[in-house]
Amino acid sequence: MHVLLRNMLRFKCALTLFLLFIVSQAHCQSNFFRDDYHYIENLNSFYKIHTIQKTWKEAMERCDLEGAFLFYPETHEEVDLVTRYWNETQPFDIIYIGISDLAAKEVYTTVDGVPIKHVYNYWAPGQPDNREGDENCLVLTRDGTLKDEQCLKKYPFICKKTKGSVKWNEECQVPDPAYVYNNEVGRCYKFHDTPLNWKDAALVCDIEQSYLAIINSETEAKYLANITKNAFNDIVITPDSCNTVALGINYSDSKGWLTIQGEKVEESGYNQWAGKQPHGTEKLCGSMNHNGLLTDIHCESKCYFICEHENLQLSFFDDRNGS
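Bear in mind the structure is a predicted one, so any value in this text is a computation, not a measurement.

Undergrad: Can you help me understand the overall build of the chain in this one?
TA: A tally of regular secondary structure across the chain gives five helices and 16 strands. With 323 residues in all, the chain has 49% of them scored as buried. Looking at the chain alone, contacts between residues at least 24 apart form 67% of all its contacts between residues at least 6 apart. Approximately 17000 Å² of the chain is accessible, and the part contributed by carbon and sulfur atoms is 51%.

Rendered as C-alpha cells:
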C-alpha cells in the first residue's frame, strides 16, 4: 500500500511538472498577455479598449493595475492599426491617451517621460488650444488626430502592453512574477503592501484576474500566516492601516458570513475565528490575524491584503478538494 501510494505521488508530481512545461511553452510560443487584451502582430503589442469612461488619472491607474500603461501612439502605423481595431469594435469618437503637460505647462510628455516630439505628434487643426485654461491631458480622435482636454472629464481609454515587457509566471500562469505558487495548497498568492479598504482590495484582486484570498484549510491558514509574517518583516507599516490582513469573506444580513464566491464560511473548510470573534454585524468584512485566525473588520478600514489565483490547467490536482 505504501509503495503504491508513493508511486501515485511520484506520478502526480511528474504529470504536474509536465503540464506546467506544456502550458508555459504554449504561452511562450503564442502571443498572450491576458485574455482580455487584443494582440496586434505588426506592433508586437497587446491592447485593451476600456469602454467604462474614467478621468485621465483613473485611466492611468487602471492600466497600471493591469500591468500595462495608458496607451499613447508612437508612429503613424500604430495609429492606423489601433484606430482600425477601435473603429471596428467601438462607437465612441475620443479616447484618452497617455500624454499630458501636467508636469510643466505646454511641455507634453508621455506617461513614461518621453517628449511628444519623439512620438506621434499629429494635432487636429487649431490644437492644442487650452480653451478652458486647464486642458492638460490629451485625447486621440478616431480620425487619428490629437486634442487637449480637461483631465477631470471622463472618456474611454486604451491600455497597452508591449510583448517584450511581458514577464510570464510559469507556475501560476499569470503575467505577474509577484504571485507565488504553494504546492501543498495548489494555489498562487500575492501579498499587497498598499493598504486598501475591503471593496478596493477585492477590485484590485479581480483586476489581476484573481480574487481576495479565501482560507479553505488549516494548511492554507498556516501558509497565509507565514506570508504575512514575512511581509511584515520586509515592509514599513503604514500608521493608519489595520493590524490584520483582509480576506475574501463578508457578512450578509440574510445568509451570514460568506466567502467572496458565495459559499458559507462554515462550509468552506475553515471556520477558525480568533477569541470573541466575530464581534457582530456592525463589522461586515473579514480578515485574518497574524496567526491565521479569522477576524471581523469595518469594510472601510484600510488593510493589507492577499490575492489568490487558481491555475486552471492544474486545478484537478487541487489537494483542497481531496484529489
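Undergrad: So what exactly am I meant to see when it comes to the packing of aromatic side chains here?
TA: Each aromatic ring pair is characterised by the separation of its centres together with the angle its planes make. Taken as a whole, this structure holds 16 aromatic pairs when the rule is applied. With a centroid separation of 4.8 Å and an interplanar angle of 45 degrees, the aromatic rings of Tyr39 and Phe46 are classed as tilted. Comparing Tyr39 with Phe46, the two get one shared label, buried. Both rings, one in Trp86 and one in Phe92, keep their centres 6.2 Å apart while their planes meet at 40 degrees; by these two values the pair is tilted. Linked through ring pairs, Phe33, Tyr37, Tyr39 and Phe46 together constitute an aromatic cluster.

Undergrad: Help me out: how do you make sense of the side chain of Ser100 in this one?
TA: Structurally, the position occupied by Ser100 is in strand E4 (residues 94-100). A distance of 3.4 Å separates a polar atom in the side chain of Ser100 from the backbone nitrogen of Leu102. Ser100 has contacts with Trp56, Val107, Tyr108, Thr109, Asn136 and Cys137, leaving out every residue within four places of it along the chain.

Undergrad: Quick question: what am I supposed to make of the layout of surface pockets here?
TA: Space left empty within the atom packing is revealed by a probe, the size of a water molecule, rolled over the atoms. For the largest pocket, the calculated volume is near 670 Å³. Every residue lining the largest pocket is counted, 32 residues in all, and those nearest its centre are Asp64, Leu65, Glu66, Val204 and Glu208. Counting only elements with at least two residues in the lining of the largest pocket, the list comes to helix H2 (56-65), strand E10 (187-196) and helix H4 (198-207). The biggest single contributor to the lining of the largest pocket is E10, with six residues. Here the residues of the lining of the largest pocket sort into 13 nonpolar, five polar and 14 charged.

Undergrad: Is there a simple way to think about unusual backbone geometry in this case?
TA: Glycine aside, a negative phi is what most residues show, and trans is what most peptide bonds show. The amide bond that connects Gln127 to the next residue, Pro128, takes the cis arrangement and shows omega of -5 degrees. Tracing the backbone shows Pro128 in the loop between strand E5 (109-110) and strand E6 (137-141). A cis amide bond links Gln277 to the next residue, Pro278, at an omega of -5 degrees. Along the chain, Pro278 turns up in the loop between strand E13 (256-259) and strand E14 (285-288).

Undergrad: I would appreciate a short explanation of the pairing of strand E2 (residues 45-54) in the present structure.
TA: Within a regular strand, the side chains alternate between the two sheet faces. Both strand E1 (residues 38-40) and E2 contribute to a ladder of three bridges, which runs antiparallel. Considered in E2, the bridge of Ile40 is made with Ser45. What sits between E1 and E2 in their antiparallel hairpin is a turn of four residues, with Asn44 showing a positive phi close to 50 degrees. Here seven bridges tie E2 to strand E8 (residues 155-162), and the two strands are oriented antiparallel to one another. When the bridges of E8 are listed, Ser45 appears paired with Thr162.

Undergrad: Looking at this structure, how should I read the state of the cysteines?
TA: Applying the stated criterion to the full structure yields six disulfides. Sulfur-sulfur distance for the disulfide between Cys172 and Cys188 comes to 2.1 Å. An S-S torsion of about -100 degrees defines the bridge between Cys172 and Cys188 as left-handed. Of the two residues, Cys172 is situated in the loop between E8 and strand E9 (180-182) and Cys188 in strand E10; the sequence distance between them amounts to 16 residues. Cys188 carries the same exposure label as Cys172, and that label is buried. Each sulfur in the disulfide pair Cys205 and Cys307 lies 2.0 Å from the other. Between Cys205 and Cys307, the S-S dihedral sits near -85 degrees, and the bridge is therefore left-handed.

Cut-off values and rules
- Residues numbered from 1 in each chain as written.
- Predicted model: local features only at pLDDT ≥ 70, side-chain atom pairs only at ≥ 80, totals over all residues.
- Heavy atoms only, no water.
- Helix = DSSP H or I, 4+ residues; strand = E, 2+ residues; numbered from the N terminus.
- Buried < 20%, exposed > 50% of the residue type's maximum accessible area, 1.4 Å probe, protein only.
- Contact = heavy atoms within 4.5 Å.
- Areas by Shrake-Rupley, 256 points an atom, 1.4 Å probe, with all protein chains shown as cover.
- Phe/Tyr/Trp six-rings, centres within 6.5 Å; stacked < 30°, edge-to-face > 60°.
- Polar contact = N/O pair within 3.5 Å; in protein donor to acceptor, adjacent residues only side chain to side chain.
- 1 Å grid on protein atoms, 1.4 Å probe; cavity = no way out; pocket = protein on both sides within 12 Å on 5 of 7 lines; lining within 4 Å.
- Points joined across faces, edges and corners; volume = space filled by probe spheres on them.
- Nonpolar A, V, L, I, M, F, W, Y, C, P; charged D, E, K, R; others polar.
- Pairing = 2+ DSSP bridges.
- Disulfide = S-S within 2.5 Å.

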